[in-house]
Every structure is written in C-alpha cells, then in structure tokens.
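# A look at the structure
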Amino acid sequence: MMVLVSYDVSFEDPSGKKRLRRIAKVCENFGQRVQYSVFECVVDPVQWTAFRDRLLKEYDEEKDSLRFYFMGKNWQRRVEHHGVGEIYDPENDALIL
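Criteria and thresholds
- Residues numbered from 1 in each chain as written.
- Predicted model: local features only at pLDDT ≥ 70, side-chain atom pairs only at ≥ 80, totals over all residues.
- Heavy atoms only, no water.
- Helix = DSSP H or I, 4+ residues; strand = E, 2+ residues; numbered from the N terminus.
- Contact = heavy atoms within 4.5 Å.
- Areas by Shrake-Rupley, 256 points an atom, 1.4 Å probe, with all protein chains shown as cover.
- Pairing = 2+ DSSP bridges.
- Axes fitted to C-alpha atoms, helices over the stretch in contact; angles between N-to-C directions.

### Re the overall build of the protein chain
Looking only at helices and strands, one finds two helices and four strands in the protein chain. Along the protein chain, helices (α) and strands (β) appear in the sequence β-α-β-β-α-β when read from the amino end. Partitioning the contacts of the protein chain with sequence separation of at least 6, the portion at a separation of at least 24 is 64%. Summing over all exposed atoms, the protein chain offers an accessible surface of approximately 7000 Å²; the carbon and sulfur share of this is 50%.

Structure below.
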C-alpha cells in the first residue's frame, strides 16, 4: 500500500532540528522524498506498523505534527505530478537504503 507521510517539526526549542533530522531519516528508510517534508512510502502492513511506531517515537506530540494519507494499492490512479522533480515508480525503481 502507498502511504503519503508529511511532517512539520517545531524549532522553538534547540532539539527541534535534531528531531527533524531523525524523522527525515526514518522516512528515508521507508520511502522516497517527494518534497521537503513529504514522503511516498510503499509498505506492507508489517512494515507500516514498524514505520509508524518509529515515527511516533521521534516526534514531540505537543510541538510537532505528523500526517499519514493512505493511498492504498491502486495509488497510481490517485497521483498526478506536474512541474519540476524527478518522476519515479516506487514499486519498481530501486530505493537505496
């Protein structure tokens, strides 16, 4: 299934930049960055559980925001891209970890 993950991390305290880097790293391990704080991730249910748990451990629920959009298995019909940015197929293009 395709899950779109977006996040917003507060920099009000000094640990914000560190949290931002850790959240981005977790996302990079499971998907492809498509915008600064947006990742497309193709995961199975077991991977999704591990991914979600890791993200929820990294963010500060009182200062940060995480959003998950479930695109499902037929996500190709739901994604349309225009403008700059490299086009890739997350199910067939290799993801370097």
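### So, the sheet that holds strand E4 (residues 65–72)
The strand order across the open sheet formed by four strands is E2-E3-E1-E4, and the pairing between neighbours is antiparallel. Taken across any chain shown, the strands that pair with only one partner, and hence form the sheet edges, are strand E2 (32–35) and E4. Geometrically, the sheet is characterised by an average inter-axis angle of 25 degrees between neighbouring strands, direction not taken into account. Sheet topology places E2 next to strand E3 (residues 38–42); three bridges connect them, and they run antiparallel. Residue pairing for E3: Gln35 is matched across the bridge by Val38. Sheet strands touched by helix H2 (residues 45–58): strand E1 (2–8), E3 and E4. Its angle to E4, the strand with the most contacts, is close to 165 degrees.

### Topic: the environment of Cys41
Looking at the secondary structure, you find Cys41 in strand E3. If we skip the residues at most four places from it in the chain, Cys41 touches Met1, Met2, Val3, Val5, Phe30, Gly31 and Phe51.

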